[in-house]
Amino acid sequence: MVRTYEEAVAWIHGRLRLGIKPGLKRMEWMMEKLGHPERRVRAVHIGGTNGKGSTVAYLRSILQAAGYSVGTFTSPYVEQFNERISINGQPIRDEELVELVQTIKPLADELEQTELGGPTEFEVITAMMLYYFGKQNIQDIVLIEVGLGGRLDSTNIIYPLLSVITNVSYDHMNILGDTLDQIAAEKAGIIKSGIPLVTAVNEPEAWDVIAKTAAERKAKTYRLGVDFTVSDRQATVEGEQFSLVTPFAEYRDLRIQMPGAHQVENAAVAVMAAELLRLGYSFLIDPEHIADGLATAAWPGRFERVSGNPLIILDGAHNEAGIRSLVETVRAHYPDKHVHVLFAALTDKPLERMIQRLDELADTITFTTFDFPRAAAAEQLADLSSHPQKAVTGDWVGWISEKKNQMGSDELMLITGSLYFISEVRKRLKK
């Protein structure tokens, strides 16, 4: 029997041995046994390749500013496991996590004996979240982030108030397919009959798939750049400022703290979603809630400035589109800085293209690795770089502290790559 928090987390992580098993059969089985908690969750379902977490942060912040109690389900975590299931940005308590494991573990054991096989780590956590928000602690609304893809993702058991697909680019190609239309077809799997869709997808081949799926399912679609548009965007010292026109309102001079053009897109998508909640489901959300919510929203590990002197930025850019946005953001906000990159990543990413882009930005680039099952070796990463000032370190902790002491005011340390790596670095720097 699981009695302590450590045992609970160890049991959940122990499910990683089952890998990723797409499909909803095991989720349906568990929901049936639990009395269908998923039917009692009022949810917004958020999928896409990049920007899911930031979009959740903006929308949560707007809803909280309007006085609502908001559950969130996100991954991966940055500081502690419990963050994955949160209320108003506060992770659930350790004892609540233990209780959830005590509820779900017997089901997982029973399921393992059937032809469906045991549930994966992500399926177990999804079941815990739905039981928590559907039976134990019902919220005004729950923002549920897709784990991987959409169509066969375990979160796709829900029937949401709204669906959101932030964007579609290359990631997890070993599972989702290696063309944009294949990946888009998986992401489009979260579109439900008659349920509105908000999206910032702009690549033509991905958009064609999403538009076709939405039309078949009679899901009214609101697309960034067509149905709602951003104008007057400018980088500020604090982040970004922009104006936004939707079919229902006009907002001038909205401000966000998270820098980058991609963050303006995420924020615009969140505002459009908030408007649909107001109009379709009677959420009382005023323009000042939108402005205040956006201005206060933050999300750890997304272009996060963890030190001002010396300047250190952490960013979990873990695929090619993420790296592209990161490079653009550094150039827009710190055009005069000499950039020292520290990079670690997982092996199943388009590493060569990611490193190529970082090579163009960096004055020096150092590759490292970290303790994680799929982490690439530092030498493997360095072999893909053609930078004249490239280096390898097995001791990133030592590298950071040494570099910090050498840096001048015209230099920037940029630590990027896997979110799992960023999480490790952040914990260390916070100490």
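Residues numbered from 1 in each chain as written. Predicted model: local features only at pLDDT ≥ 70, side-chain atom pairs only at ≥ 80, totals over all residues. Heavy atoms only, no water.

In the nomenclature of an unreviewed UniProt entry, the protein is known as Dihydrofolate synthase/folylpolyglutamate synthase of Geobacillus thermopakistaniensis. Of the comments in the UniProt record for the protein, the one headed Sequence similarities (unreviewed entry) reads "Belongs to the folylpolyglutamate synthase family." (UniProt positions renumbered as here; feature names shortened; annotations may be inferred.)

**Q** Whenever I open this one, the overall build of the protein confuses me. Can you help?
**A** In terms of helices and strands, the protein carries 15 helices and 17 strands. In summary, the protein has a C-alpha radius of gyration of 21 Å against a globular reference of 22 Å for 431 residues, a match within 12%. Taken along the three principal axes of its C-alpha coordinates, the protein extends 60 × 55 × 40 Å. Across the 431 residues of the protein, 59% fall into the buried class. Nonlocal contacts in the protein, meaning residues at least 24 apart in sequence, comprise 73% of its contacts between residues at least 6 apart. For the protein, the accessible surface area stands at approximately 17700 Å², while carbon and sulfur atoms represent 47% of it. Side-chain charges of the protein comprise 45 positive and 57 negative groups, with the mean position of each set lying 4 Å from the other. (Helix = DSSP H or I, 4+ residues; strand = E, 2+ residues; numbered from the N terminus. Rg over C-alpha atoms; globule rule 2.2 N^0.38 Å. Buried < 20%, exposed > 50% of the residue type's maximum accessible area, 1.4 Å probe, protein only. Contact = heavy atoms within 4.5 Å. Areas by Shrake-Rupley, 256 points an atom, 1.4 Å probe, with all protein chains shown as cover. Lys, Arg positive; Asp, Glu negative; His and termini not counted. Charge placed at Lys NZ, Arg CZ, Asp CG, Glu CD.)

**Q** I would appreciate a short explanation of the domain arrangement of the protein in the present structure.
**A** The extent of an interface is frequently quoted as the accessible surface area lost upon association of the parts. Annotation of the protein at the domain level lists domain 1 (5-296) and domain 2 (304-430). Spacing between the C-alpha centres of domain 1 and domain 2 amounts to 27 Å. Taken together, the contact pairs 18 residues of domain 1 with 15 residues of domain 2. Both sides of the domain 1 and domain 2 interface together cover about 1400 Å² of buried area, and 52% of this is carbon and sulfur. Together, Pro76, Val78 and Glu79 form the three largest contributors to the area buried by domain 1 at its contact with domain 2, with a combined 33%. Glutamate 79 is the partner of arginine 426 in a salt bridge, and the nearest nitrogen-oxygen pair spans 2.4 Å. (Domains from an automatic or database assignment. Buried area = accessible area lost by both parts, 1.4 Å probe. Salt bridge = Lys/Arg side-chain N within 4 Å of Asp/Glu carboxyl O.)

**Q** What is the right way to read the UniProt feature "domain: Mur ligase C-terminal" (unreviewed entry) in the protein from this model?
**A** Listed under "domain: Mur ligase C-terminal" (unreviewed entry) in the UniProt record, and renumbered for this structure, are residues 301-418. Along residues 301-418 one finds 36% helix and 26% strand; the C-alpha atoms at either end are 10 Å apart.

**Q** It is not clear to me how the pattern of salt bridges should be interpreted in this structure. Could you clarify?
**A** A side chain of one charge can pair with a side chain of the opposite charge if their charged atoms are brought near each other. Applying the stated criterion across every chain yields a total of 20 salt bridges. The shortest N-O distance in the salt bridge between glutamate 112 and arginine 15 comes to 3.4 Å. One end of the pair, glutamate 112, is in helix H4 (residues 94-112); the other, arginine 15, is in the loop between helix H1 (5-14) and helix H2 (25-33), with 97 residues separating them in the sequence. Given the relative accessible area of 29%, glutamate 112 is considered partly exposed. On the basis of relative accessible area, arginine 15 is assigned to the buried category, the value being 3%. For arginine 39, the salt bridge goes to glutamate 38, with nearest N and O atoms at 3.9 Å. For arginine 39, a relative accessible area of 64% corresponds to the exposed category. Using a relative accessible area of 8% as the deciding quantity, one classes glutamate 38 as buried. Counted as one network, the salt bridges with shared partners bring together Glu79, Glu304, Arg426 and Lys430.

**Q** I'm lost on empty space enclosed by the protein in this one. Help?
**A** Unfilled space is identified by rolling a water-sized probe across the atoms. The tally for this structure, following the rule as stated, stands at one cavity of 30 Å³ or more. Roughly 30 Å³ of internal volume is contained in the largest cavity. Along its surface, the largest cavity is lined by Pro76, Tyr77, Val78, Trp299, Pro300, Arg302 and Leu419. Among the residues forming the lining of the largest cavity, the class breakdown is six nonpolar, no polar and one charged. (1 Å grid on protein atoms, 1.4 Å probe; cavity = no way out; pocket = protein on both sides within 12 Å on 5 of 7 lines; lining within 4 Å. Points joined across faces, edges and corners; volume = space filled by probe spheres on them. Nonpolar A, V, L, I, M, F, W, Y, C, P; charged D, E, K, R; others polar.)

**Q** Hey, could you run me through the side chain of threonine 213 in this one?
**A** The topology assignment puts threonine 213 in helix H8 (residues 204-216). Every residue in contact with threonine 213, bar those within four places of it in the chain, is listed here: Ala188 and Ile191.

**Q** Just to check I follow, could you spell out the nonpolar core for this structure?
**A** When a protein is soluble and globular, its nonpolar side chains tend to lie buried together. Counting residues in each nonpolar core, the largest one holds 44 residues, and the members touching the most others are Val44, Leu63, Ile141, Phe228 and Leu294. Of all the secondary structure elements, the ones that give two or more residues to this core are strand S1 (43-47), helix H3 (52-65), strand S5 (141-145), strand S6 (162-165), strand S10 (240-245), strand S11 (250-256), helix H9 (261-281) and helix H10 (287-296). Ranked by the residues each element gives to this core, the list is headed by H9, at eleven residues. Setting aside residues up to four positions removed in sequence, leucine 294 forms contacts with Tyr58, Ile62, Phe242, Leu254, Arg255, Ile256, Ala267 and Val271. (Core = buried A, V, L, I, M, F, W, Y, C linked by side-chain atoms within 4.5 Å.)

**Q** Looking at this structure, how should I read unusual backbone geometry?
**A** Cis geometry is adopted by the peptide bond preceding proline 76, which originates at serine 75 and carries an omega value of -10 degrees. In this structure, proline 76 sits in the loop between strand S2 (70-73) and strand S3 (85-87). Across the junction of asparagine 309 and proline 310, the peptide omega takes the value 0 degrees, indicating a cis bond. As for its position among the elements, proline 310 is in the loop between strand S12 (304-308) and strand S13 (311-315). Even without glycine at this site, lysine 218 takes up a positive phi of about 50 degrees. Within the chain, serine 282 stands out as a residue other than glycine whose phi angle is a positive 60 degrees. Structurally, serine 282 is set in the loop between H9 and H10.

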